[in-house]
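Fold and geometry: a report
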Amino acid sequence: MLQSFTSNYEDESTEAGYQFTFQCDICADGYRSSFIESETYKKRKGLDGLARGAGALGGLFGGILGNVGYSLERGGDVLSERFDGMSPEWQKERENAFERASNEVKSHFHRCHGCHRWVCDSCYNEDEGLRTDCAPRQDVSVARARAEAMTRNIEEAAQNATVWQGVIESKTTVCPTCGKPAGNGRFCNNCGASLDLVVCPSCHAKNAQGVRFCGQCGARL
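The shown structure was predicted, so the numbers you read here are calculated from the model rather than taken from an experiment.

1. Some words on the pairing of strand β3 (residues 20-23)
Here β3 shows no split at all, with Phe 20 and Phe 22 on one side and Thr 21 and Gln 23 on the other all buried. Note that β3 and strand β4 (residues 30-32) share three bridges and pair antiparallel. Considered in β4, the bridge of Gln 23 is made with Gly 30. The hairpin turn running from β3 into β4, its antiparallel successor, is six residues long, and Ala 28 in that turn takes a positive phi close to 70 degrees.

2. Regarding the sheet that holds β3
What the three strands build is an open sheet, ordered β1-β3-β4; its pairing is antiparallel. Of all the strands in the sheet, just β1 (9-11) and β4 have a single pairing partner and so form its edges. Each adjacent strand pair in this sheet contributes to an overall mean axis angle of 15 degrees, direction not counted. The sheet strands contacting helix α3 (residues 88-105) are β1, β3 and β4, and the helix crosses β3 at an angle near 40 degrees.

3. A look at the packing of aromatic side chains
Given two aromatic rings, one states the distance between the centres and the angle between the planes to describe the pair. All told, the structure shown has nine aromatic pairs when counted by the stated rule. Ring centres of Phe 5 and Phe 109 lie 5.8 Å apart, and the angle between their planes is 50 degrees; on these two criteria the pair is classed as tilted. With a gap of 104 residues between them, Phe 5 in the segment before β1 and Phe 109 in the loop between α3 and β6 (110-111) connect regions that are remote in the sequence. For the pair Phe 5 and Phe 109, a shared accessibility class is recorded, and that class is buried.

4. Section: the state of the cysteines
All told, the structure shown has zero disulfides when counted by the stated rule. Left without a disulfide partner, Cys 200 is nearest to the cysteine sulfur of Cys 217, which lies 3.5 Å away. With no disulfide partner, Cys 203 has as its closest neighbouring cysteine sulfur the one in Cys 214, 3.5 Å distant. Looking at Cys 203, the relative accessible area reads 33%, which means it is partly exposed.

5. Let's talk about unusual backbone geometry
One non-glycine residue, His 116, lies in positive phi territory at about 70 degrees. Tracing the sequence through the fold places His 116 in the loop between β6 and β7 (118-119). Assessed through its relative accessible area of 44%, His 116 is described here as partly exposed. A positive phi angle, near 65 degrees, is found at His 204, a position not held by glycine. Position of His 204 among the secondary structure elements: in the loop between β10 (198-199) and β11 (206-207). Residue classification places His 204 among the exposed positions, given a relative accessible area of 59%.

6. A few points about the nonpolar core
Tyr 18, Phe 20, Phe 22, Cys 24 and Phe 109 are the most contacted members of the largest nonpolar core, which totals 18 residues. Elements represented by at least two residues in this core include exactly β3, α3 and β7. The element contributing the most residues to this core is α3, with five residues. Aside from chain neighbours lying at most four places away, what touches Phe 20 is Leu 2, Glu 10, Asp 11, Ser 13, Tyr 31, Arg 32, Ser 33, Arg 94, Ala 97, Phe 98 and Ala 101. With five residues, the next largest nonpolar core counts Cys 175, Ala 182, Cys 188 and Ala 193 among its residues.

7. Here we look at the pattern of salt bridges
Tallied over the entire structure, the rule returns five salt bridges. Two residues, Glu 12 and Arg 32, come together in a salt bridge whose shortest N-O distance is 3.1 Å. Within this pair, whereas Glu 12 is found in the loop between β1 and β2 (17-18), its partner Arg 32 is found in strand β4, the two being separated by 20 residues in sequence. Exposure remark for Glu 12: the relative accessible area of 28% places this residue in the partly exposed category. Residue classification places Arg 32 among the exposed residues on the basis of a relative accessible area of 54%. A salt bridge links Glu 39 to Lys 42, with the nearest nitrogen and oxygen atoms 3.2 Å apart. Here the residue Glu 39 and the residue Lys 42 both occupy positions in helix α1 (residues 39-61), the gap between them amounting to three residues, near one helical turn. For Glu 39, a relative accessible area of 41% puts it in the partly exposed group. The exposure class assigned to Lys 42 is partly exposed, which follows from its relative accessible area of 37%.

Quick notes on the rules
- Residues numbered from 1 in each chain as written.
- Predicted model: local features only at pLDDT ≥ 70, side-chain atom pairs only at ≥ 80, totals over all residues.
- Heavy atoms only, no water.
- Buried < 20%, exposed > 50% of the residue type's maximum accessible area, 1.4 Å probe, protein only.
- Helix = DSSP H or I, 4+ residues; strand = E, 2+ residues; numbered from the N terminus.
- Pairing = 2+ DSSP bridges.
- Axes fitted to C-alpha atoms, helices over the stretch in contact; angles between N-to-C directions.
- Contact = heavy atoms within 4.5 Å.
- Phe/Tyr/Trp six-rings, centres within 6.5 Å; stacked < 30°, edge-to-face > 60°.
- Disulfide = S-S within 2.5 Å.
- Core = buried A, V, L, I, M, F, W, Y, C linked by side-chain atoms within 4.5 Å.
- Salt bridge = Lys/Arg side-chain N within 4 Å of Asp/Glu carboxyl O.

Everything listed here is a matter of coordinates, which is why it stays silent on function.
Below, the structure is given as structure tokens:
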């Protein structure tokens, strides 16, 4: 079983060699170890090459040498079968490679004395010997608090600010003549009809163009 300074790692090894990525327990940033070629894989490649070479030699000369070539090819296949899959030799190499990779990458991480997690430089407060979640950096905390206070001040100022100084009044929004949006002026943008509100002769309330009775007193307009 592989033993590491941290359990937060990924095994990216293949049959051809070994490589591992170790990650920070907080931000998940990682460091990848150097690739280590498998000696087992190189030996297997050599045996495969020997078997193919012997087979080609027999096919070229035929006869007795052909039989010899077949025997060598078959012998190569038998020897190569020892390395099919992940052999014990490969597993042993992997354990040794993992130990080398751990030693190579460990210097990029720090162990928090409070929670005992392994973290990268960015997540470690070197002044306190703790990860930044356990002991935030003072300058970072001050900058965060200052930004939060500034945001609150801006929101408070925005609540008290006057951002519109127009006059709230009744307006005819749809032209009673053409039925299209009337615009913001006294006359329709589309047909030029007057958009002035109609004043009730009885109560003097203002009513939109086109209505037949006053909305306040019911008098005929």
